[in-house]
Amino acid sequence: MQQVQAMQHERAAQHGADPGALDEDVRLEVPPVGAGLAGRDELFDAALRATTLLAVPMIVIVVCGKDLFVRLLYSPEFAPAATMLRWMLLGDYLKTTGWLLGTVAYARGHILAYGVVEALWSTAILAFGVILGGSLGSLEAFGIAYLAAYLLYLAAWVTYATRRGFLTLSSSVVKLWMAGLLLVCIVSAATWTTPAASLQ
């Protein structure tokens, strides 16, 4: 910054301009350090708001019509898979926020953390799938494993982003996200009717 000002002063002296006026122009053109950080927070707020507003209607529609969608896309024999899908849809809501945080972390250069969290998710879903699949003996176990893995995935990113200082949310976005989660849970509970399918 000092070098820039020195060059401006030299040019001003050569052209007979007022160096003080040039200093004022430089101060006006250079944004404060915190401005970029505030802009990033606002951008993440907007991204999470848009993601939530898009994800909630889509998940609610699939939750309400999961049995129909399974029959239309596959066959009636696949109907018991809806027991797995109902858990996975809850996990999808958590996944959208976790992916958004992961994308922000990657873009900011937290490559190692990104790899560690992704490896954590892969390990978690395999471990939960084996443990729950063996104990419950139904397709539903893999849906529960999917939800549990993404719950851990989101918790890991929230913890990391908070400690690194790039997770700052407005109260309105937090309320919107919580309302979306509540709506998805209520709709899921209201349509929780399909009997579990055995793996035997």
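To be clear, the structure that these remarks concern was listed above.
Now for a quick tour of the structure. Since this is a predicted model, take the numbers as computed values, not measurements.

Moving on, we come to a nonpolar patch on the surface. A cluster of nonpolar residues, I61, L68, F69, L72, L73, Y74 and F78, forms a patch on the protein surface that exposes about 790 Å² of accessible area. Here the element with the most residues in the nonpolar patch is helix α4 (residues 66-73); it accounts for four residues. With respect to the element layout, L73 can be found in helix α4. When its relative accessible area of 65% is taken as the criterion, L73 is described as exposed.

We now examine the layout of surface pockets. Its volume calculated, the largest pocket comes out at about 190 Å³. The wall of the largest pocket is formed by V62, K66, F69, V70, L73, Y74, F78, A81 and L85. Here the lining of the largest pocket gets four residues from one element, more than from any other, and that element is α4. Across the lining of the largest pocket, the residue classes tally to eight nonpolar, no polar and one charged. Here the second largest pocket defines a volume of roughly 160 Å³. As for the second largest pocket, its lining consists of F44, L48, T97, L101, L154, V158, L167, L169, V173, V174, W177 and M178. Elements represented by at least two residues in the lining of the second largest pocket include exactly α3 (33-64), α5 (82-107), α7 (140-164) and α8 (171-190).

The rules we used
- Residues numbered from 1 in each chain as written.
- Predicted model: local features only at pLDDT ≥ 70, side-chain atom pairs only at ≥ 80, totals over all residues.
- Heavy atoms only, no water.
- Patch = residues over 30% accessible without salt bridge, like charges linked within 9 Å, V, L, I, M, F, W, Y side chains within 5 Å.
- Areas by Shrake-Rupley, 256 points an atom, 1.4 Å probe, with all protein chains shown as cover.
- Salt bridge = Lys/Arg side-chain N within 4 Å of Asp/Glu carboxyl O.
- Helix = DSSP H or I, 4+ residues; strand = E, 2+ residues; numbered from the N terminus.
- Buried < 20%, exposed > 50% of the residue type's maximum accessible area, 1.4 Å probe, protein only.
- 1 Å grid on protein atoms, 1.4 Å probe; cavity = no way out; pocket = protein on both sides within 12 Å on 5 of 7 lines; lining within 4 Å.
- Points joined across faces, edges and corners; volume = space filled by probe spheres on them.
- Nonpolar A, V, L, I, M, F, W, Y, C, P; charged D, E, K, R; others polar.

Geometry only, nothing functional implied.
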